[in-house]
Amino acid sequence: MGVFRSLIFLLSFQLLHVAKGSMVWLNKNGYEDLVVAINPQVPEDANIILNTMNMIKNASKYLFEMTKHRFFFKSVKIIIPKTWKKKSNYSRLKTESYDKADIIIADPYMKPVDDPYTLQYGGCKEKGRYIHFTPNFLLNDSLTNVYGEKGRVFVHEWAHFRWGVFDEYSSDMPFYVSRNSEGASVEATSCPAGVTGIPVFQDCSRDTCEPRSCRYDGQLYEKGCVFIPDILQNISCSIMYLQYIPSVVEFCDKNTHNSEAPNMQNKICNHKSTWEVIMESDDFRNSAVVNASAPPSETTFSLLQTQDRAVALVLDVSGSMSMHNRMRHLRSAAEVFLLHIIEIGSWVGIVTFDSGASEKAPLQQITNDAARQKLVQCLPTIGSGQTNICAGIRKGLKLIADKMNTTYGSEIVLLTDGEDPRIAACLDLVKQSAAKIHTIALGPLAAKELEEFSKLTGGLKLYTVDGDVPSKLTETFSAITSGSGDISDQSIQLESKELVVHHSAWMNTTVTVDKTVGNDTFFSIAWSLSQPFFFLRDPKGKEYGSSDFTIDNSNPNTARLSISGTAEVGDWQFYIKNIHTATQAISVTAISRPAHSDVPPVSVAAHMNRANRAFNPVVVYAEVSQGFLPVLGATVIATIEKDGAAAVTIELLDNGAGADTMKNDGIYSRYFTSLQGTGRYSLKVSAHGRNTTTRLSLKQNRASYIPGYRENGKIYMNALRPKFADKEIQVKLGSFSRISKSALVVNTGGDSAPIYPPCEVTDLHAHIENETIVLSWTAPGGDFDNGKADHYIIKSSENLLDLRNHFDRATSVNSSNLIPKEAGREESFKIEPENLVIENDTIIYFAIRAVDDTNLMSEVSNIAQATWFIPPKASVPLDYDGNNDGANSTVIVAMVALCVVVVCTIVSSTLCVLQKQKGRLDIETMQKHV
């Protein structure tokens, strides 16, 4: 076992990236096995492949330069969809897949927006999920005018994805108030500070736009005012600010970072520079500067094409499977997988193992319902003997190879409830097979090393606790869908609910079928002791009684109903009465497929991982989306289970506080603080929407869209970013329900129930109102974002970095009368300065820490700025005649007399009514791009 555990340690060290999906690894400064996947809905176009290659080749050179000769791209794999023509230079997939790709090429999340963006769940230093490019971005060279050279854009997104840094520009707050020795002034949100340019507003009427100088509106520039940078800068700019500008040759570091700018990098990374964050990464620690002026090698590419899905069910039938109704539940859940989950056209075979292994059904293609039923007849019914996991894997791989002549790109679904000390014997075989292994650990005694198969191959790691009915195991099997990206034929779990029902009591349950699903809809009821009385009523009032359901002799505790055609949209009502003499468990399950091939269904993806921050807390995430669009306003409930412990239910929130990094991005999050020692934890997420209207929004963490630039004193404006009327940015989804399953193995290091401090406040705001400073924030909990804190410590300073670095030394604010609210509630606190006169050019910074009842303290919050700033009145309109090249934005701002800004989403009250003067721009040459 010592040798095995050493091997496991090495594999874990090398394959940490696999746990989050990515298989990228760093090999002597070069990134290997970067995976790009083209969505099956994208029409075939060879230029997409060619342009992607050129983009990454150029990005490799830029990355090498911008990371000071440290990183480059060494090898890349591009996955071609099965819908494209086969070519001799396309190889078979191995363990790569669309759903685990680092870069996705797919249609825009919102037409006609081609913004490249990175999906990031976590906070600072945490890796992203994927980078999204549109085909139009890759094919349309004119988009270079608004995003910059594609290789630079790629580096911008790679920094989001790989190192967990954030944007240094801000679309919400493009300007802010800064103070120097000469007083306060308005600056562009940039990195570094001092980027030169001019504020411009475009007056548009229908298709015609006339640029003019920005007016101030009480406090800041009017809404819609944008900063137009000079194309030539005297200072080096950061790639996370404007990837468009030629002077972008680096990341902002400690010396050049603009810590005052109200951008996401400062908010989420505690005012650290992007380069400081990168220097703290594993990549940086495991690399050294290359003594060369260019990357040591060119980027190499391999083209892989998706093939038919080939799956072997490798099922444990040892003696322990006869306990706790495991065999009965296995048969029921595997039957659902074969009849309703596995996609048409897939190849499936069945292997069972105990002390040896046997083939129950050879690999065969699912072409119709009869083929599905034929496989169901081969499922096991009894268990005996010992557990030999490697015997089952060898037999499963042989079953696949016998039919497909290779195991490359195939899948094994490995289920076991037992221990096996001989797992190490087949790790090499698994690695060489290039098959993906999804593991299902059933019960408390499944082999502790089981998940190493999934880590090694990029498969799913799933876990199910024992139950009275098969619903939990059915949920787990339902998670094993195709990773090809073709969602049009994938199954979607609408509902899975289990209740303990007393004698003569009713279990009435609603299953919502929304307009994005309805094909191949399937309902089932399961019971632990005796068949209840039940019927199902569809949205139009039609009733289905028990005689309409099917009950198999081989599975007598489950009744099933398949709806022909497309199910009616609306609420399907189950009415179930327990007529058994004793209390029993009853469950309801509903599964469907998309109603339309061209309309993406609402989906939920559940994830659970240890966060890369103090105390390494477990964070639960659920992404609720329709295609790439976030679904807002859903009720999302997570249920976490562990054998021997009570189930814990928590509501996940998309409020931008606590564990949730960004508000209204469709990522619902919460800390899980009820750990019960080392072991496996099962996660079930249930998402529901009632008459939901989804508001569409631009993605966060995206490459900036350049509104224009100034060169030699002349301003060149690009086409305006498309704007949407309110009715265009809302989608009426109606009601929906979804289920998703995941799992996590946790090592608490011997601490069976860790103690946690309150979480960091991340949304502190400040503004001045009638000479009173008003602070507001979302209450943290006593244990991260659960419960409530005991009290707050509030500090203030006139120096932002002093407050961040020396919080304890800063001026204390008396908050003894402030009693913390429950986590997630809105807090507000008014401060009336006693020894401070609030006058023009006043800028005060505030931060807060929460303390629990054991005196554990949260991290220092984000830093909020309260500003009191009255600009002088403008007297002379701007008149650009081409002789003002290089004018600093600070000087320009002084000329146009900007007013108060509040940094970090600060709201200030209007102090006086200022006369607005309309400036004008004399623009010799206007050139519209795209």
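So, a few notes on the structure that sits alongside this text. As the structure is a prediction and not an experimental result, all values here were calculated from the model.

### Remarks on the packing of helix α9 (residues 326–341) against helix α14 (residues 471–478)
Inference 1: Where α9 contacts α14, the axes come no closer than 8 Å and their chain directions differ by 35°. Between α9 and α14 lies a crossing whose hand is right-handed. Every residue of α14 that contacts α9 at His329, Leu330, Ala333, Ala334, Val336, Phe337 and Ile341 is listed here: Leu473, Thr474, Phe477 and Ser478.
Inference 2: Broken down by class, the residue content of the contact of α9 with α14 amounts to eight nonpolar, three polar and no charged.

### Notes on the pairing of strand β22 (residues 357–365)
Remember that side chains alternate between the two faces of the sheet whenever the strand is regular.
Inference 1: Summarising the sheet, strand β21 (residues 347–353) and β22 pair through six bridges and their orientation is antiparallel. Opposite Thr352, over in β22, you have Ser358 as the bridge partner.
Inference 2: The turn linking β21 back onto β22 is made up of three residues.

### Topic: the side chain of Glu343
Inference 1: For Glu343, the location among the structural elements is in the loop between α9 and β21.
Inference 2: For Glu343, a relative accessible area of 3% translates into the label buried.
Inference 3: For Glu343, the residues in contact, after removing those within four places along its chain, are Arg309, Arg372, Thr481, Ser482, Asp489 and Gln490.

### Digging into the sheet that holds strand β51 (residues 864–868)
Inference 1: Overall, antiparallel pairing links the four strands, which are arranged β48-β47-β50-β51 in an open sheet. Sheet topology places β48 (811–813) and β51 at the edges, where each strand pairs with a single neighbour. Taken over all neighbouring pairs, the strand axes of this sheet differ in orientation by 30° on average, direction set aside.
Inference 2: Here strand β47 (residues 791–797) pairs with β48 via three bridges, running antiparallel. By the bridge assignment, Ser796 is partnered in β48 with Thr811.

### A short note on a nonpolar patch on the surface
Inference 1: Residues Trp506, Phe533 and Ile579 make up a contiguous nonpolar surface patch of about 320 Å² in total accessible area.
Inference 2: Inspection of the secondary structure puts Trp506 in strand β27 (residues 506–513).
Inference 3: Take Trp506: its relative accessible area is 43%, and that puts it in the partly exposed class.

### Quick word on the sheet that holds strand β31 (residues 550–552)
Inference 1: Strand order in this open sheet of five strands is β26-β34-β28-β32-β31, and the pairing throughout is antiparallel. The open sheet terminates on both sides in strands that have one partner only, identified here as β26 (492–501) and β31. Across the sheet, the mean angle from the axis of one strand to that of its neighbour is 20°, orientation sign disregarded.
Inference 2: Sheet topology note: the β26/strand β34 (residues 584–594) ladder contains nine bridges and is antiparallel. Across the sheet, Ile492 pairs through a bridge with Ser592, a residue of β34.
Inference 3: Taken strand by strand, α14 contacts β26 and β34, and its axis lies near 170° from that of β26.

### Description of the environment of Gly541
Inference 1: Structurally, the position occupied by Gly541 is in the loop between β29 (533–537) and β30 (543–545).
Inference 2: Gly541 sits 31 residues away from Trp572 along the chain, and the two C-alpha atoms are 9.0 Å apart.

### Concerning the pairing of strand β5 (residues 75–80)
Inference 1: Among the six residues in β5, six count as buried, and that is most of the element.
Inference 2: Because side chains alternate across β5, one face comprises the buried residues Ser75, Lys77 and Ile79, and the other comprises Val76, Ile78 and Ile80, equally buried.
Inference 3: Pairing of β5 with strand β19 (residues 300–305), which is carried by six bridges, proceeds in the parallel orientation. Among the inter-strand pairings, Lys77 is bridged to a residue of β19, identified as Ser302.

### Structural notes on the packing of helix α2 (residues 46–66) against helix α5 (residues 150–163)
Inference 1: α5 packs onto α2 with a crossing angle of 65° between their chain directions and a minimal axis gap of 8 Å. Between α2 and α5, the crossing angle belongs to the class labelled roughly perpendicular. As for the relative orientation of α2 and α5, their crossing is right-handed in sense. Within the contact between the two elements, α2 uses Met55, Ile56, Asn58, Ala59, Tyr62, Leu63 and Met66 and α5 uses Lys150, Gly151, Arg152, Phe154, Val155, Trp158 and Trp163.
Inference 2: Residues belonging to the contact of α2 with α5 are distributed by class as follows: ten nonpolar, two polar and two charged.

### Thoughts on the state of the cysteines
Inference 1: Applying the stated criterion across every chain, the model contains five disulfides.
Inference 2: For Cys204, the disulfide goes to Cys209, at an S-S distance of 2.0 Å. For the disulfide bridge between Cys204 and Cys209, the dihedral angle about the S-S bond is near 110°, and by the sign convention the bridge is right-handed.
Inference 3: Residue class for Cys204 comes out partly exposed when judged on its relative accessible area of 37%.

### Comments concerning the packing of aromatic side chains
Inference 1: Summed over all chains, the structure comprises 35 aromatic pairs.
Inference 2: Aromatic side chains Phe175 and Tyr221 sit 4.6 Å apart centroid to centroid with 65° between the ring planes, which places their arrangement in the edge-to-face category. Pair noted here: Phe175 is in strand β10 (residues 175–180) and Tyr221 is in strand β15 (residues 220–221), with a separation of 46 residues, a long-range link.
Inference 3: Stacked on the ring of Phe137, the Lys or Arg Lys150 has its end atom at 5.7 Å from the ring centre.

### Observations concerning α5
Inference 1: Across its 14 residues, α5 extends 20 Å between first and last C-alpha, which sits within 8% of the 20 Å expected from 1.5 Å per residue.
Inference 2: Burial of α5 is extensive: 14 of the 14 residues sit out of reach of the surface.
Inference 3: For α5, the N-terminal capping position is held by Glu149, with its side-chain oxygen 2.7 Å away from the main-chain nitrogen of Gly151.
Inference 4: In the stretch just after α5, Gly164 is the one whose phi turns positive, near 65°.

### Details of the nonpolar core
Inference 1: Counting 86 residues, the largest nonpolar core has Phe154, Trp158, Trp163 and Phe251 as its most contacted members.
Inference 2: Ignoring anything within four residues of it in the chain, the contact list for Phe251 reads Met66, Thr67, Val155, Ala159, Trp163, Ser238, Ile239, Met240, Thr274, Trp275 and Ile278.
Inference 3: Formed by 53 residues, the second largest nonpolar core is a distinct cluster that contains Val113, Val631, Ala638 and Leu744.

The rules behind the values
- Residues numbered from 1 in each chain as written.
- Predicted model: local features only at pLDDT ≥ 70, side-chain atom pairs only at ≥ 80, totals over all residues.
- Heavy atoms only, no water.
- Axes fitted to C-alpha atoms, helices over the stretch in contact; angles between N-to-C directions.
- Helix = DSSP H or I, 4+ residues; strand = E, 2+ residues; numbered from the N terminus.
- Left-handed = near helix turned anticlockwise from the far one by under 90°.
- Contact = heavy atoms within 4.5 Å.
- Nonpolar A, V, L, I, M, F, W, Y, C, P; charged D, E, K, R; others polar.
- Pairing = 2+ DSSP bridges.
- Buried < 20%, exposed > 50% of the residue type's maximum accessible area, 1.4 Å probe, protein only.
- Patch = residues over 30% accessible without salt bridge, like charges linked within 9 Å, V, L, I, M, F, W, Y side chains within 5 Å.
- Areas by Shrake-Rupley, 256 points an atom, 1.4 Å probe, with all protein chains shown as cover.
- Salt bridge = Lys/Arg side-chain N within 4 Å of Asp/Glu carboxyl O.
- Parallel < 35°, antiparallel > 145°, perpendicular 65-115°, else oblique.
- Disulfide = S-S within 2.5 Å.
- Phe/Tyr/Trp six-rings, centres within 6.5 Å; stacked < 30°, edge-to-face > 60°.
- Lys NZ or Arg CZ within 6 Å of the ring centre and 35° of its normal.
- Expected span 1.5 Å × (residues − 1).
- Polar contact = N/O pair within 3.5 Å; in protein donor to acceptor, adjacent residues only side chain to side chain.
- Core = buried A, V, L, I, M, F, W, Y, C linked by side-chain atoms within 4.5 Å.

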